[in-house]
Each structure stands twice: as structure tokens, then as C-alpha cells.
Amino acid sequence: MSSSTRYITSMGELSRKDNSLIFRNDKGHKYIPIEGVKVIYCLNEVSINSKLLDFLARNKIIVHFFNYYGYYSGTFYPKEAYISGKVTIAQVKKFEENRLEIAKAIVKGIGINIYEVLYHYYKHGYKELKPLLNWLNKETGIILNKLDNIKQVLYLEGSIWKRFYETFPIYLPEDFMFNKRVKRPPDNPMNALISFGNSMLYTKVISQLYKTHLNQGISYLHEPFESRFSLSLDISEVFKPVIVYKTIFELVNNKKIQVNKHFEKQLNYCLLNENGRKIFIENFEKRLESSFEHSKLKRKVTYNTAIKLEGYKLIKNLVEGEKFIPFNLKEKI
Amino acid sequence: MKLDKNYNYAFVFYDIQEKRVNKVFKICKKYLEHHQKSVFRGKISPSQILKLEKELKKVIDEKYDYVSFVLMVNEYNFFEHSLGECKEDELFI
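Residue numbers run consecutively from 1 along every chain, following the written order of its sequence. Numbering of ligands from 1 and lettering of chains from A proceed in the order in which they are written. Reporting in this predicted model follows two pLDDT cut-offs: at least 70 for local features of residues, and 80 or more for side-chain atom pairs to be given and counted; totals over whole chains, interfaces and linings ignore these cut-offs and use all residues. Note that the side-chain values use all heavy atoms of the structure and ignore hydrogens as well as water.

Peer 1: What am I meant to see in the packing of aromatic side chains here?
Peer 2: The geometry of two aromatic rings is summed up by the distance between their centres and the angle between their planes. All names here are of chain A. Two aromatic rings from Phe, Tyr or Trp, using only the six-membered ring of Trp, form a pair when their centres are within 6.5 Å; if the ring planes differ by under 30 degrees the pair is stacked, by over 60 it is edge-to-face, and anything between is tilted. The tally for this structure, following the rule as stated, stands at 41 aromatic pairs over all chains. An aromatic cluster of three or more residues is present, and its members are Y121, Y126, W161, F164, Y165, F168, Y171, Y245 and F249. Over the face of the ring belonging to W135 we find R163, whose NZ or CZ atom lies 3.9 Å from the ring centre. By definition, being over a ring means that NZ of Lys or CZ of Arg is both within 6 Å of the ring centre and within 35 degrees of the ring normal.

Written out as C-alpha cells, the structure reads:
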């Protein structure tokens, strides 16, 4: 497991001590070596002062904050270390001139990765998946080529996800059924898992794109006016089936996460409890740190690095005009 | 120190005279986890090992002090057996 990411799950105070970090609470204290740490997650109430933020910024450490309910609340994003006007201009130019190219590539990537994930279940005897697999494999590509505005592309993306959700009853246990995707707040265990997983992935993408020269405000599939790092939303899209959903399916099907043990259910919402969150994060990290043989680089690459490579690919497309093919689980690119 | 392999895990033991021991402790704390009174250990990259060594060299008096590094390729190639309780938890705090 990578030690460059630290998760703070208990309440306390994080501060600077002798050029390093210390986390204190009523149970005691723990030193965190500053060298090597790149990202810190605060999943509980953590007190912080500006002296610490300055110190973190100097060491280029990103801090993600989640609130009491496990919602993503924001990121401490130190002064950008990698700024390139050239890339920013290329990003804007691409957005104005040929936004569809990237948006279509991303939607195609989502389709391919969902296909790969579902094919696993098809192979293991769930033959009902056949029609959707055919649709993903043959038709989405054809439909996509005909589209000529962004609204239609977004509509197709939406229907891919919708059809994907509709397959859940086929291979997931009954207590994890859900009617439809509900966010803010999620209303049942499955929605809670998806919401938490997606926001974790989003933060992972932010941390990785921080290491590239990309401007995270300019996006192609999502509207870039959402006052968020919308490029990270774009990039995280193709990784969702591979990282979030695969983790969820594994946890649910192997009964590592159970409805009555790991959720807090209240009037109209449902959330992961602390223990559930820990289990999810552990497995999520494991999946991100697992590696595959990259077919172009000819060496082993972790999924976490693949996210960064995705950024490099986009830069190549913007600056040198190389075709942008999002991460593809089948071809391992 | 010349490294012939990529070492990514380290144990650091030290015997330092009292007036300098705190300085050494503070330096080690930046890079590694405090394991026992004068033992640090943890994941560390090859370049950080060199940095750590350089910082330590500035502080210690080589006539009286002694620091030893045990380097591993990774944390999986040794077997650890211990008595008593250890509170370490890598991922979560």
C-alpha cells in the first residue's frame, strides 16, 4: 500500500512540529514523516492552522476534506507547481474548436470499460447481459459517430450509465437493489457506495492531475462552468467502471460490506458508517495500487499512475495533435 | 554511501551523545516512522535515503556518534516477529 497517502479518520489536530507533521488528539499523538507524503485525506473533524497550510504548500502536499457525512467538501490545493501557459492556451483552443472530439472519446471509453466489467459476469453465466453487451460493443460507436452536438453526447453518456445500473439486479445480492441513482443525499446503500466511491476517485484524479501542466478548470465532456475542477470529472469518468464499480461489486458480492453492519440509515438518506468507510477505502487503495502490464510502455503500471498518464495523453493531444484514446481496460493502454 | 540497488525500505539505528540526540531524532522523524527509542523505520525512496544521510552528517560528530542504516528492497523481504503491543497503523490515523 502506498504510504504517500494518509487518511485521518479520527478527530484531532494536525499541526507542524520541527519541520514535520504531528497529529494529536486525546488518545495521544502520532508523528507523520513529511517526506514522501503527497496527499492527506481528512475524513473527520481535523483542526488546522495557517502555519500548517503554509508548510504543506511548501512541500506540495494536497489535502482533501470530507465532512461528517462523508461528502467531499473541498481540497487544499497548494500554489500550482506546474504551470504552462502553452498548455492552457491549447486547452482553451481545443475547447472552442473541437470540444466534441475529446467528449466523444471519453464516452466511447466509458462504454468500452463498462463492457469489459460486465463481460466478466457474462463469462460466469449471466447470459441475460448479452443484449447490453451487444449494444455497447456495436451500436454505441455507430451512434457516437453520427452525433454533432454536446447535448446529444451527454444524453448518450446518460443512457449508457442508466442501462449499466439496470443490470445490477442480475449479479448483485438482493439487499443491494436500487431503483435509480439518487445523489445528494443518497437514499439507499448502493447509492451511498457509488457516491462515496465517485468522490474518492474524483479526489484521486485531482491529486494526479496536479502533477501535470493541465488546467483543471477547462473540461470537455462536462461544462467547464461548474466552479469545480471539471477536467477531473471528465478524466474520472472512464475510470469509474474500472475502479469504483469493480471495488463495489467485489465488496458486495463477497459480503465484505453488509447492509445491516456498515450503513447508517436515517429518515431519507443512507450513508456508510465509519467502519464501512474504512473497508471501502482499504480495498479502493488496493485496487488503485494494483498494477497491470501497460501495452505501450511495456512495463508494469499501477492504476493510480494510469490516471496521471491520462493527463499526459491529453497534453499530447492538445499540443502535438496525437489522437486521444482514454484509458482502455481491454487493451491496457 | 553508494547504493547498488534501489532500496525502498530502511531501518535506522543510532547511538548519539545526549546533546545531539534531539537533533538527530528530529531529522529522522521527517523521513521515517518512529519505531522504538532509537530505531526508525519505514518506506523511503532511494533519493530520500541520500538526503537523510546528508542531513545527518551535518549534525553528528563522527568521533562519538554512530548511525547505522539497514536497507531493504521493499517491506516484504523480511520476516518480523515481535513481542508486546505495537500501535502502528500505516494507512489510517
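Okay, back to it.
Peer 1: Before we go on, may I ask you to explain the packing of helix α4 (residues 150–166) of chain A against helix α7 (residues 230–253) of chain A in this structure?
Peer 2: Two numbers describe a pair of packed helices, the interaxial angle and the distance between the axes. All names here are of chain A. All axes here are fitted lines through C-alpha atoms, helices being fitted over the stretch that makes contact, and every angle between N-to-C directions spans 0 to 180 degrees. Secondary structure follows DSSP: runs of H or I at least 4 residues long count as helices, runs of E at least 2 residues long count as strands, and numbering of each begins at the N terminus. Two elements in contact, α4 and α7, have axes whose closest approach is 14 Å; the angle formed by their N-to-C orientations is 10°. As far as their axial angle goes, α7 and α4 are roughly parallel. As α4 packs across α7, the resulting crossing turns out to be right-handed. Contact residues: E157, W161, F164 and Y165 in α4; E237, K240, P241, Y245 and F249 in α7. A per-class count over the contact of α4 with α7 returns six nonpolar, no polar and three charged. Here the word oblique covers every angle except those under 35 degrees (roughly parallel), over 145 (roughly antiparallel) and from 65 to 115 (roughly perpendicular). What makes a crossing left-handed is the near helix being turned counterclockwise from the far one by less than a right angle; a clockwise turn instead makes it right-handed. The criterion used for residue contact is that any of the two residues' heavy atoms lie within 4.5 Å. As a working rule, the residues Ala, Val, Leu, Ile, Met, Phe, Trp, Tyr, Cys and Pro are called nonpolar, Asp, Glu, Lys and Arg charged, and the rest polar, with Gly in that last group.

Peer 1: Quick question: what am I supposed to make of the nonpolar core here?
Peer 2: Note that soluble globular proteins tend to have their nonpolar side chains buried in a common cluster. Residues and elements named next belong to chain A. Counting 84 residues, the largest nonpolar core has F164, F168 and F249 as the members making the most contacts within it. Here this core gets 15 residues from one element, more than from any other, and that element is helix α2 (residues 85–123). Sequence-distant contacts of F168, defined by excluding residues within four places in its chain, comprise M177, F178, M190, I194, Y245 and F249. Throughout, nonpolar core names a set of buried Ala, Val, Leu, Ile, Met, Phe, Trp, Tyr and Cys residues whose side chains join them through atoms within 4.5 Å. Think of it in three bands: with a 1.4 Å probe and only protein chains considered, a residue is buried below 20% of the maximum accessible area for its type, exposed above 50%, and partly exposed in between.

Peer 1: What is the right way to look at the pairing of strand β7 (residues 62–66) of chain A in this model?
Peer 2: Remember that side chains alternate between the two faces of the sheet whenever the strand is regular. All names here are of chain A. With four of five residues buried, β7 lies mostly within the body of the structure. In this description, strands pair whenever DSSP reports at least two bridges between them. In this sheet, β7 lies alongside strand β5 (residues 39–42) in parallel orientation, the contact comprising four bridges. Residue C42 lies in a different strand from β7, and its bridge partner there is F65. Two elements, β7 and strand β8 (residues 72–76), share four bridges in a ladder whose sense is antiparallel. Counted as the bridge partner of V63 is F76 from β8. The turn joining β7 and β8, which pair antiparallel and follow one another in sequence, is formed by five residues; a positive phi near 85° is taken by G70.

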